[in-house]
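Commentary on secondary and tertiary structure
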Amino acid sequence: MEPKIQSTAWNPEIIEKAILKKWEEEDIYHFAIDDDDDESKPAFVIDTPPPYPSGRPWHIGAAAHYAQIDMIARVARMNGKNVLFPIGIDRNGLPVEIYTEKKYKVRMRQMDRQKFLDLCKVALDDLEAEMIQIMKRMGLSGNFKEYYRTDSDEYRALTQATFIELWKRGLVYLANRPNNYCPDCGTTIADAEIVYNEIPTKLIYMKFKVTTRKNKERGKEEEEKKKKNNDNTDDTLIIVASTRPELLYACQAVIVNPEDDRYKHLQGARAILPLFNREVSIVPHHSAKPEFGSGAVMVCSYGDQNDVQLFRELGLKEIVALNENGFTTEAAGQQYAGLRVNQARTKIVEDLKNAGLMEKEESITHRTPLCERSKTPIEIIALHDYYVKQIEFVPQLKELAFKLKFHPDMHRQILLKWLDSINIDWPVSRRRFYGTEIPIWYCNTCKAPNLPPSDGKYYRPWKDKPPFEKCAKCGNVGSGFTGEDRTFDTWMDSSISPLYVTKFDKDKKMFDYAYPTAIRPQAKDIIRTWLHYTMLRCVQLTGKIPWHEAWIMGYGVDEKGEKMSKSKGNVIDPFPVIQKYGADTFRFWSASEANLGYDFRCSEQRIAGAQKFLSKLWNVGRFLSSFEVIGERKAPSYLEPSDRWILAELARVVKECRRGYSEYNFFVPANAIRDFTWHLFAAHYIEMVKGRAYIANTDDGNNKNDDDDEKRGKRSALYTLHRCFSTILLLIAPVIPFIVEELWTKMYSSETTIHRQAMFRKEQEELEEIEEDAEMTKYTKAIIDFNSMVWNKKKETISKETGKPLSLKDPIDIPVPSELEQFGQDLKAMHNLTAR
RNA sequence: GGAUGGGUAGUCUAGCCCGGUUAGGAUACCUGUCUUACACACAGGUGGUCGAGAGUUCAAAUCUCUCCCCAUCCA
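Our next topic: the overall build of chain A. Looking only at helices and strands, chain A has 28 helices and 25 strands in total. In terms of overall dimensions, chain A is more spread out than a globule: its C-alpha atoms have a radius of gyration of 36 Å, far above the 28 Å expected for 836 residues. In terms of overall dimensions, chain A has a C-alpha envelope of 115 × 80 × 45 Å along the principal axes. Taken over 836 residues, chain A has a buried fraction of 54%. Within chain A, contacts between residues separated by at least 24 positions form 78% of all contacts whose residues are at least 6 apart in sequence. In the structure as shown, chain A presents an accessible area of about 38000 Å², 49% of it carried by carbon and sulfur atoms. Counting 121 positive and 123 negative side-chain charges, chain A places the centres of these two groups 4 Å from one another.

Written as C-alpha cells, this is what we have:
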C-alpha cells in the first residue's frame, strides 16, 4: 500500500502557511456566548498579557512565552472549554515617547502635543504590525479579529470610567508628598518603576563646626584617653560624609549612631552647616552606619527614601531643594539657585575646597536609584499627585493571594513579599503625554476638581471642553474650567485587562459568564506591578479576585544564563528563527526547554535540535500512513502481547501528559511524548511488529475472520500502531499544532481539525484502568536490553561473505529468554532469529 | 545586606519534595552501519569526586548544618 504521505520531510515553510490560512478561513478558534453549543460549555478566559511594542527586535523569550500561552488555550479547548484567548497590544506609556523622540529627533515638550501624539501613533503602528505578524506566524489561536489596543478610545474610556468610579468611592486623593521624580522624563514615578545601579561617585567629607558648651565640659579623663589612642580629631568639628553635597542647604539634621563612641559626646549638640552657616541638631539614630564614611550623616530633603522617613520620624521641616525641572531653588541662596544638580554639586564642592571646609573626597560606588525607563538618577521632590489607595487593601490582597492558585506555587512568594513592603499608596498621575488622560477639569473660580460622569465616554481635558458648565462645588457658571493635562501611570490601563476582555460595564451577560477569568499568564518580573495592580483594581471594582489561577513563566536568558537586554546587546530576534526552523520547531523548543517557572536558555543550536523530533514524528507518520487504519475507536477482540505491552506504556504517557497539562507545565508532556515516540514506540515497538504489519492482504482487509492467526496478528498490530500514533498526535497537538494537523487530516480525518478533538478519550481512560495490562510495563527494560544485546551481537559478528559486521536483516542464532517468551514470535521476526 | 531560584560529564538538563540496583536524557565528540518510514537515521563508545566540607543513616545527588560560587528580584 502506498503511504498517504509522500513527502520525505516536514517542510514547515510551505505547509505551515497553508494550514494557517485554513484555520483562519474556518475560524476554528471561535468563541461565542450566543452559540448554544458553546454557551453550555464552561468559559475559559485567558487574561493575555498585551505586549508592549517598545522597539526592534522583539524578544525571543517573549515569543516563547506567547507560544506557551497559546498551549494553555489549546489544552483548554481540547478539554471542552469555551476558550476566549484575547490578543491585545499595550500602547500607553513612556517607551514610545522616548522611541519617538529619538526616531524623529524631536523633543516632546517643545512641540505641539497633538502632533507629538500623532507621531507616537505612527511609530506604534509600525512596531505593532511586526508583532502581530510574528504572533500569527507562531500559530497563536487567539482572537486576532478583535484585537484590542490599550490606547483606543474604547479602552481609555474604560480606564477613565473605572477611575471616576474609584474617585466616587473616595479611593483617590490628591497629596503633596515627596515622591520619586525623574527629571529627564519630567514626571513622578512609582516605586515599582525604579531600578538600582552601582554607579561610581565621590563621597565628600565636609567639616561642620560644633557649637555647644558640652564640648568643652568634657572631662580630663577622656582627653587622656584620646592622647593615648593617637586621636588627633578636632573636637570643635564633626566630619559629615555625603554623596549628595549639593543638598547641603536642605540639611535639617546630622545623625550619628547611638552606639558610636566617637560621637557619643556630641549627641544633642548642634552643628553649623559649612558655606550656609545654619545650625542643625546632631541626633542619634540607628540608621546611621558607623562604618560608612565618617559615621555622621546629614539628613536633607531629600537625598533618598531614608531621608523622607527621617524627616517624618524626627518631625523636621522640609526645605524644598529642587523644583520640578530638577533645578535648585531659592533655598540654595543666590549663589547656587537655578542650577542643575550636577552644576550645583561641582560648584559647592569647589567652594568647600577653597574655603578649607572639605576634609577629603573618596571614590566609591553607590547604589543609585534610577528611572527604569530613562536610566536617569531619580530625585525625591515634593509634588502634588493623585494617589489610589492601596495600603488599606493589603490585608485583603494577602488573603486572596493565598486563594489564587499559582503555577508554580513558589512564585506566590514574590507577591507576598511585595505586599509586605508596601508602605505608600499608589501615585497614579504622570506628567507625560502618551497615556490615558486623567479626566478632571478644575474650576477657574474655586479650583475644585470636577469629574465627568462615568458614562463610558473618552475624555481629553487638555484639549476638550468639559461636559458640564457649572462647578459642582462653588456653583459658578461663567468662569470656565481648566483641563488637567497629566496622564495616568500605564499600569492604570493594563490593570483592568480582565475587565476589558470580559466586557465589564458593556455586556452584563458576557461579564457574568466570563468573570472571574480562568487564568493570568505572565512573566515573573512584573508580579510586583501588573499582577499586583490588577488584583488591587479588580478587587476595588468588583470585590472579586480577577482570576482563578496565575501562571508565571521565567525569563528567556542568553546562552550564558544572563538576562537579555537591549543594553547588553544579547537580545535574540525571534522572527528569523521562526522563519528558518518553522513555528512548530520553535514551539517544541519552547516547551521542551522551559521548565515551568524557571529561566530557560535561548540558543539557536538547541532550537535546531528540537527540529529533529518533528522530523522523526513526520517519518513515523509517513510510515504508518501506508497501513490501513483499523478500529480507530474500538479495539479488536484479541491483542497480541507486544501490542498490549506498548498500549500499557502508552497509558503511562497519557497519565504523565495529563499531569503536566493540568499544571500547564508543557515541559512534561513535550519530553514524555518525545521519549516515548522516539525511544520506545519507533525504536522498539515498530520494529517488533513490522513483520505482522507487512503480511499481505488476502482479502479486502475488513474481514473479521479472527480464526486466522496471521490476520488476527495483523489486525492487532495495525490497530495498535494507529492507536498509539493518533494518541500521540492528540497529546502533543497543543504544542506543535501545525505538523499534527497535517498528519491528522492526512491519516485520520480529512474533514475535521484535530484542534477541536477531545484530548483525553474514553478508551484511553479504560485502557489506564486495566491493571493486568498495566503490569506489562514490567517487561519494558527486558525488551530494550534484549534488542540491544542482539544488535550488539550482530555488530560484533563479522560476516564470512562480506568481511563486514552482520547486517540487521541477517539471521543470527540467539534464543529468546524465557522471561520474554510471550513476545517470542515478534522478536524472532524482528531480528531474524534462527534459534527455537 | 535581605529574599528567591540554581550549582549533576565540554555544554544543557532530568532525578531531589517522598533517601535504596551500574546517576537517566539531550547535544557535542569518536567508531561502525543504507536495516521493508527516517543518514534530520540506526547501533555502539569515550566522558561524572552529583559546588566544598561535616553530620544523620545499614544506605545520601536526594535529609540536616556550615561555607563557596552563579542568576534574578528587593533594600
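Now that the structure is up, let's keep going.
Among the nonpolar cores identified, the biggest contains 126 residues, and F681, F725 and I736 are the most heavily contacted of them. Among the elements that make up this core, the one with the highest residue count is helix α3 (residues 60-78) (13 residues). Counting contributing residues per domain, this core is built from domain 1 (1-17 + 609-769) and domain 3 (778-836), each supplying no fewer than three. Discounting residues that sit within four places of it in the chain, I736 has contacts with D584, F588, F613, L614 and L617. One finds Y155, F393, F504 and L541 within the second-largest nonpolar core, a separate group that totals 57 residues.

Looking now at the sheet that holds strand β23 (residues 547-553). Strand order in the open sheet formed by three strands is β15-β23-β22, and the pairing between neighbours is parallel. Two strands lie at the open edges of the sheet, namely β15 (405-407) and β22 (517-523), each paired on one side alone. Looking at each pair of strands side by side, their axes are set apart by 20° on average, direction ignored. For β15 and β23, the ladder comprises three bridges, and the chain directions are parallel. In the sheet register, K405 faces β23, and the bridge partner there is E549. Helix-sheet contacts for α3 involve β22 and β23, and the interaxial angle to β23 is about 145°. Across the sheet, helix α17 (residues 527-542) is in contact with β15, β22 and β23; its angle to β22 comes to roughly 160°.

Moving on, we come to the packing of helix α22 (residues 667-693) against helix α23 (residues 709-732). Describing two packed helices takes the angle between their axes plus the distance from one axis to the other. Interhelical geometry of α22 versus α23 gives an angle of 165° and a closest axis separation of 11 Å. In terms of orientation, α22 and α23 fall into the roughly antiparallel class. Both α22 and α23 take part in a crossing whose hand is left-handed. Contacts between α22 and α23 involve P669, A670, I673, F676, T677, F681, Y685, I686, V689, R692 and A693 from the first element and G713, K714, S716, A717, L718, T720, L721, C724, F725, I728, L731 and I732 from the second. Within the contact of α22 with α23, the residues separate by chemical class into 17 nonpolar, four polar and two charged.

Ordered in space as β19-β18-β20, the three strands form an open sheet in which the pairing is antiparallel. A single partner strand is all that each edge strand has here, and the edge strands are β19 (449-450) and β20 (481-483).

A word on helix α11 (residues 341-354). Helix length check: α11 (14 residues) gives 20 Å between terminal C-alpha atoms against 20 Å at 1.5 Å per residue, within 8%. Taken together, the buried positions of α11 are occupied by V341, A344, I348, V349, D351 and L352. Looking straight down α11, one finds its buried side chains confined to an arc of 165°; they lie on one side. Along α11, exposed side chains directed more than 90 degrees from the buried face belong to N342 and N354. Here the buried face of α11 lies against β7 (194-211), α10 (333-336), β13 (358-371) and β14 (379-388). Following α11 by one or two positions, G356 adopts a phi angle in the positive range, close to 70°.

Rules used throughout
Residues numbered from 1 in each chain as written. Chains lettered and ligands numbered in written order. Predicted model: local features only at pLDDT ≥ 70, side-chain atom pairs only at ≥ 80, totals over all residues. Heavy atoms only, no water. Helix = DSSP H or I, 4+ residues; strand = E, 2+ residues; numbered from the N terminus. Rg over C-alpha atoms; globule rule 2.2 N^0.38 Å. Buried < 20%, exposed > 50% of the residue type's maximum accessible area, 1.4 Å probe, protein only. Contact = heavy atoms within 4.5 Å. Areas by Shrake-Rupley, 256 points an atom, 1.4 Å probe, with all protein chains shown as cover. Lys, Arg positive; Asp, Glu negative; His and termini not counted. Charge placed at Lys NZ, Arg CZ, Asp CG, Glu CD. Core = buried A, V, L, I, M, F, W, Y, C linked by side-chain atoms within 4.5 Å. Domains from an automatic or database assignment. Pairing = 2+ DSSP bridges. Axes fitted to C-alpha atoms, helices over the stretch in contact; angles between N-to-C directions. Parallel < 35°, antiparallel > 145°, perpendicular 65-115°, else oblique. Left-handed = near helix turned anticlockwise from the far one by under 90°. Nonpolar A, V, L, I, M, F, W, Y, C, P; charged D, E, K, R; others polar. Expected span 1.5 Å × (residues − 1). Arc of directions from axis to C-beta.

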